[in-house]
Amino acid sequence: MAEKPMHRKPGRARRRPKRVVRPRVYHPGPPISDEASLRKAVEGLREKHPEFVATLTAIGGLTPLRRREPGFAGLAAIIVSQQVSVASASAIFGRLEARIAPLDAVRVAAATEDDLRACGLSAPKIRALRALAGAIVERGLDLAGLAELDAEEAHAALVAVKGVGPWTADIFLLFCLGHPDAFPAGDLALQEAAKLALKLKTRPDAALLERIAERWRPWRGVAARLLWAYYRGVKERSGMALEGASG
């Protein structure tokens, strides 16, 4: 006897399975707070991967510290730098600092749309800066205090602010809090640098680069710094434009 075809009840659509978002995991380590701690961290990575570090430093040299202050201005500078060139970000942030001085959450929250737009900020970045200012002024987000939290908690607190994505949060952990294992895998320049340094056929996406970077723990942040320096060195030699950063 033939089976009767199954009929779905009207009005009940099949539900798609929820996407599982894996929480970020960072290996603990001493913060990279000055040139001495950066050099020590580079040596830690070199001990584990001497050929990799030699390849990067042969072209990129030893990366500079590039430490930023762990407050509103530091995170604002990172937001401004999303998906634009270094030169453009520097110009826009310079105008922002000149127009809203001192640059802090209270003054940005009180600034008019015209004030912020006149600095060259896009509408999404204006919304992100306002959301960040609101999180600090109205909800008590303590950016400097994030250094006292586990990196996972700090990252979660940052991405809870509208307009602050994983890339922005990881850059803050890396350059403002000095976390040695922060690794913004969504960064296009990092992806391109990994392709060139590791001689990959195609540029890895964020998921693949995350898997590749597992080998560099607990010094992924050091690997990121060296990869950026290497990429800049390669492009300067070839005269090619640098890739922008992700948001």
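Scroll up to find the structure.
Participant: Could you clarify how one ought to interpret unusual backbone geometry in this entry?
Facilitator: Residue Pro-102 follows Ala-101 across a cis peptide bond; omega there is -10°. Position of Pro-102 relative to the elements: it lies in the loop between helix 4 (86-99) and helix 5 (105-110). In this model, Arg-217 is joined to Pro-218 through a cis peptide bond whose omega is 0°. With respect to the helices and strands, the residue Pro-218 is situated in the loop between helix 11 (206-213) and helix 12 (220-238).

Participant: What is the right way to look at the packing of helix 1 (residues 35-48) against helix 12 in this model?
Facilitator: A packed helix pair is summarised by two numbers, namely the angle formed by the two axes and the spacing between the axes. Contact pair helix 1 / helix 12: the axes reach a minimum separation of 9 Å and the direction vectors enclose 95°. Compared by their axis directions, helix 1 and helix 12 come out roughly perpendicular. Between helix 1 and helix 12, the contacting residues are Leu-38, Ala-41, Val-42 and Leu-45 on the first element and Val-222, Ala-223, Arg-225 and Leu-226 on the second.

Participant: Even after reading the chapter, I still don't get helix 4, so can you show me in this structure?
Facilitator: Across its 14 residues, helix 4 extends 20 Å between first and last C-alpha, which sits within 8% of the 20 Å expected from 1.5 Å per residue. The set of residues buried in helix 4 consists of Ala-89, Ile-92, Phe-93 and Leu-96. On an axial view of helix 4, the arc spanned by its buried residues comes to 95°, and they lie on one face. Seen from the buried face of helix 4, the exposed residues on the opposite side, beyond 90 degrees, are Ala-87, Ser-90 and Ala-98. Looking at the buried residues of helix 4, the elements they touch are helix 3 (72-80), helix 6 (113-117) and helix 7 (123-137).

Participant: Sorry, what's going on with the environment of Pro-218 here?
Facilitator: Of the residues examined, Pro-218 reaches a relative accessible area of 25% and is grouped as partly exposed. In this structure, the C-alpha to C-alpha distance between Pro-218 and Ala-41, residues 177 residues apart in sequence, is 9.4 Å.

Definitions and cut-offs
Residues numbered from 1 in each chain as written. Predicted model: local features only at pLDDT ≥ 70, side-chain atom pairs only at ≥ 80, totals over all residues. Heavy atoms only, no water. Helix = DSSP H or I, 4+ residues; strand = E, 2+ residues; numbered from the N terminus. Axes fitted to C-alpha atoms, helices over the stretch in contact; angles between N-to-C directions. Parallel < 35°, antiparallel > 145°, perpendicular 65-115°, else oblique. Contact = heavy atoms within 4.5 Å. Expected span 1.5 Å × (residues − 1). Buried < 20%, exposed > 50% of the residue type's maximum accessible area, 1.4 Å probe, protein only. Arc of directions from axis to C-beta.

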